[in-house]
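# Examining the three-dimensional arrangement
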Amino acid sequence: GGRWTSSSTAIATVGTGTGIVTGLLAGTATITYTTGAGCYATTIVTVTPTPSPIGGMPVTGIGSSTTLTNLVPGGIWTSGDVLIATVGSTTGVVTGISYGTSVVTYAIGSCFVTQVVTVTYAPTPIGGSTSLCVGLCNTLTNGVGGGTWSSTNPAVATIGSSSGLACGVTPGTAIISYSIGTGPGLTVTTTVTVSPSPAPITGPTSMCVGGSITIFNPTPSGRWSSSDILVAGVGSTTGVVTGVSAGTATITYAISTCYALRVVTVNPTPGPITGVSNVCQGQTIALSNSVPSGIWSSGSIAIATIGSVTGIVTGILPGTSVITYSFGGLCIATRTITVNPISPIYGTSSVCVGFTATLVDATPGGTWVSLDPAIATV
């Protein structure tokens, strides 16, 4: 039959017949219960402020930290699982310990709010080459999968958001990021440098041993190098390639890590052609060279032909033809071959011992010889 009253209804009200106290402002109020006979009892009720919703990023990486906040001061922070995440009791700084989730509580007296904090694996340092060439690509990597790649300057370098394939667009630098979340410690970065790519190399591709060629690249500031200086050397700034020995070598023109390639062939230099220089019409002779594997050719196949690999010359018509022995059509030795005509010998084919007979041939300028002067002289 008594009545309930509050000494400070601005702090706490109480239902006069129910005794239900409602907190309105932080502070204390005296609650009184009075009976009709003027008897009463009192108690002091403390009204604690209710914390606001927890703010801050509730995701962090292992070994990294994030700060949680609350607009109502004076509370205490606790972590539900300190093996997953710890929290500074007065700072709200959450540190990731191991992979998983932990419920972080902010309490003022008996009033509290909670926030689930996720601790994930922090990305490792970015791997892969950070030097790119305009127009070329290479893949960047991270030991923690599932993240997203991005470039701060896609006009200089782009990157596939999931593939990590970075491609150079224009010379310059760009910061590449890899993120597995939006919390602290969940993003790693690296700076890539994009250098200009050299234009294609132009100029000859073959030479002779001991000879030289000059190759060109219009992109300035590069340096030349050879993959095999025992086959071909190259001037680092001139592009003059010198043949050292027979074979092939790859010539590189590089600007930083960007380069263009050209394969050059060094052909053997043939020795002098050996063998006779005359052949009769319809007959053959053999020519040779001390350097093997070259190709033979005739300057006039109407006068003389030659086997391309045998060096056998066949006389076709009277006249001269230049025979060439070459490697790659560039390194050559030559010899002029004369094809002499053949016409029948006319006159008697028998003579008595001690007598003479005259033989004639329609082709002038030749020399007569007897194969057996003990039988007949001429």
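So, here's what we can say about the structure.

Basis of the calculations
- Residues numbered from 1 in each chain as written.
- Predicted model: local features only at pLDDT ≥ 70, side-chain atom pairs only at ≥ 80, totals over all residues.
- Heavy atoms only, no water.
- Helix = DSSP H or I, 4+ residues; strand = E, 2+ residues; numbered from the N terminus.
- Buried < 20%, exposed > 50% of the residue type's maximum accessible area, 1.4 Å probe, protein only.
- Polar contact = N/O pair within 3.5 Å; in protein donor to acceptor, adjacent residues only side chain to side chain.
- 1 Å grid on protein atoms, 1.4 Å probe; cavity = no way out; pocket = protein on both sides within 12 Å on 5 of 7 lines; lining within 4 Å.
- Points joined across faces, edges and corners; volume = space filled by probe spheres on them.
- Nonpolar A, V, L, I, M, F, W, Y, C, P; charged D, E, K, R; others polar.
- Pairing = 2+ DSSP bridges.
- Axes fitted to C-alpha atoms, helices over the stretch in contact; angles between N-to-C directions.
- Disulfide = S-S within 2.5 Å.

## Considerations on the side chain of asparagine 70
Here asparagine 70 lies in the loop between strand E7 (65-67) and strand E8 (76-79). Taking the relative accessible area as the measure of exposure, asparagine 70 reaches 16% and is therefore buried. Looking at asparagine 70, its side chain comes within polar contact range of the main-chain oxygen of serine 52, at 2.5 Å. Here valine 72 takes part through its backbone nitrogen, which lies 3.0 Å from a polar atom of the side chain of asparagine 70.

## A word on the layout of surface pockets
By volume, the largest pocket amounts to about 530 Å³. Val351, Ala357, Leu359, Ala376 and Thr377 are, among the 22 residues lining the largest pocket, the residues nearest its centre. Looking at side-chain class alone, the lining of the largest pocket contains 15 nonpolar, seven polar and no charged residues. Estimates place the volume of the second largest pocket at around 380 Å³. Lining the second largest pocket, in full, are Ile342, Ser343, Ile345, Asp361, Thr363, Pro364, Gly365, Gly366, Thr367, Trp368 and Val369. Broken down by class, the residue content of the lining of the second largest pocket amounts to five nonpolar, five polar and one charged.

## What about the environment of threonine 35?
Summarising the element assignment, threonine 35 is placed in the loop between strand E4 (27-34) and strand E5 (40-47). Through-space distance from the C-alpha of threonine 35 to that of tryptophan 4 is 9.3 Å; in sequence the pair is 31 residues apart.

## Here we look at the sheet that holds strand E30 (residues 304-306)
Strands pair in a sheet through their backbones, by hydrogen bonds, and they do so in one of two ways: parallel or antiparallel. One open sheet holds the three strands; their spatial order is E28-E31-E30, and the pairing between them is antiparallel. Where the open sheet ends on each side, the last strands, each with one partner, are strand E28 (284-286) and E30. On average, each strand axis in the sheet is inclined to that of its neighbour by 20 degrees, with strand direction left out of account.

## Focus on the state of the cysteines
Taken as a whole, this structure holds three disulfides when the rule is applied. Each disulfide pairs two cysteine sulfurs, and for cysteine 133 the partner residue is cysteine 258, the sulfurs being separated by 2.1 Å. Between cysteine 133 and cysteine 258 the disulfide shows an S-S torsion of about -105 degrees. By sign, it is left-handed. In this pair, cysteine 133 is assigned in strand E13 (residues 131-133) and cysteine 258 in strand E26 (residues 258-267), connecting sequence segments 125 residues apart. When its relative accessible area of 1% is taken as the criterion, cysteine 258 is described as buried. At a sulfur-sulfur separation of 2.0 Å, the disulfide partner of cysteine 137 is cysteine 167. Here the disulfide of cysteine 137 and cysteine 167 is right-handed, its torsion about the S-S bond being about 110 degrees. Taken together, the positions of cysteine 137 in strand E14 (residues 137-139) and cysteine 167 in strand E17 (residues 165-168) put the pair 30 residues apart, joining distant regions of the chain.

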